[in-house]
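Structure at a glance
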Amino acid sequence: MALPDPRRVSLPFDLEALRATPELLAEFERVVAHWSVAAPDDSPFVWPAAVDAPAELKAFYGIAHAWPGARLYGSQDFLRPMDRLARDGGKLTIITENQGNFRIALESIQGAWMLWACTFGQTCPWVPMDGANLSDLLVTFGIQELMFGARFLTANNRHVIEDCRVGGGFVPLWRGSYVDDGEWTFLWHPDGAIAGQVDGEAWYWCGQTRQGRLWEYLGEPEPNLSALPLAGRASTT
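For the structure given in this document, a descriptive report is provided here. (Residues numbered from 1 in each chain as written. Predicted model: local features only at pLDDT ≥ 70, side-chain atom pairs only at ≥ 80, totals over all residues. Heavy atoms only, no water.)

The next point concerns the sheet that holds strand β9 (residues 183-189). Taken together, 5 strands build an open sheet; the order of strands is β7-β11-β10-β9-β8 and the sheet is antiparallel. Here the strands that pair on one side only, and so sit at the sheet edges, are β7 (152-157) and β8 (171-177). Put simply, the sheet's adjacent strands are angled 25° from each other on average, direction ignored. Examined bridge by bridge, β8 and β9 share 6 bridges and lie antiparallel to one another. Residue pairing for β9: Gly 176 is matched across the bridge by Trp 184. Most of the contacts of helix α1 (residues 24-35) go to β9, to which it runs at about 50°, and overall it touches β8, β9, β10 (193-198) and β11 (203-208). (Pairing = 2+ DSSP bridges. Helix = DSSP H or I, 4+ residues; strand = E, 2+ residues; numbered from the N terminus. Axes fitted to C-alpha atoms, helices over the stretch in contact; angles between N-to-C directions. Contact = heavy atoms within 4.5 Å.)

With respect to burial, β10 is a largely interior element, 5 of its 6 residues being buried. Here 6 bridges tie β9 to β10, and the two strands are oriented antiparallel to one another. Paired with Trp 184 across the bridge in β10 is Val 198. Looking at chain direction, β10 and β11 are connected through 4 bridges and run antiparallel. Paired with Gly 196 across the bridge in β11 is Trp 205. (Buried < 20%, exposed > 50% of the residue type's maximum accessible area, 1.4 Å probe, protein only.)

Enumeration according to the criterion identifies 8 salt bridges in this entry. Residues Arg 19 and Glu 16 are paired through a salt bridge, measuring 2.6 Å at the closest nitrogen-oxygen approach. Here Arg 213 ties to Asp 191 by a salt bridge, and the two come within 2.6 Å at their closest N and O atoms. Of the two residues, Arg 213 is situated in helix α5 (residues 213-217) and Asp 191 in the loop between β9 and β10; the sequence distance between them amounts to 22 residues. Under the relative-accessibility criterion, Asp 191 is labelled buried at 11%. Through salt bridges with shared partners, a single network forms among Glu 16, Arg 19 and Asp 136. (Salt bridge = Lys/Arg side-chain N within 4 Å of Asp/Glu carboxyl O.)

Grouped together as the largest cluster of nonpolar side chains are 50 residues, with contacts concentrated most on Phe 28, Leu 57 and Ile 104. Within the residue set of this core, elements represented by two or more residues are α1, α2 (55-66), β3 (91-96), β4 (102-109), β5 (112-119), α3 (134-148), β8 and β9. Examining the composition of this core, we find that 9 residues originate from one element, α3, more than from any other. Membership of the second largest hydrophobic core comes to 11 residues, among which are Ile 161, Phe 170, Leu 187 and Cys 206. (Core = buried A, V, L, I, M, F, W, Y, C linked by side-chain atoms within 4.5 Å.)

Shown next as structure tokens:
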């Protein structure tokens, strides 16, 4: 797959350089702060004392709390609400697919945290996510939710995205595995857009935060109803 030339514009973030490092989630918060359509929530973030979890998960929940306008609790898949975090057979479920087709969980084994996936509901066994890194997985999930929860959401032929020259075009932002061996390629556009493609697909999803040159280039899409409050959804019908 031919990706846009990263030299066309200066990417304001460097997630790839921090992959699998303690600094990755702080860099991801810079992406979220740039993307969010609302001011940060300054209320204290308090992790439930009864829930044992790794620092990376607590940090991600802290980002979701601080930037509610980014919708990191989910539009496509869902981060488990903090007040509903509970163990299932020793595993702490953290992410569920929007139709219940898979869950992702953590388990502490001899002092180390391990990721597990359970696909197609609760009847299939848990399978270890061998080699998965928690910070990397959370960033992949987080960028997916930024995109799907955007004000405008379109599905576009790959040439529309990869050949775009508006505003300098799209540049690589992040590649990350999720579940079922699916790997996302995410691209960033300086007009406030994230495009994502799953390996093997011939098209991209593209989420945009505002109207502008790119919005016009992509056909002036209608607002993404799933990203609007209920009152806003009613006013568009």
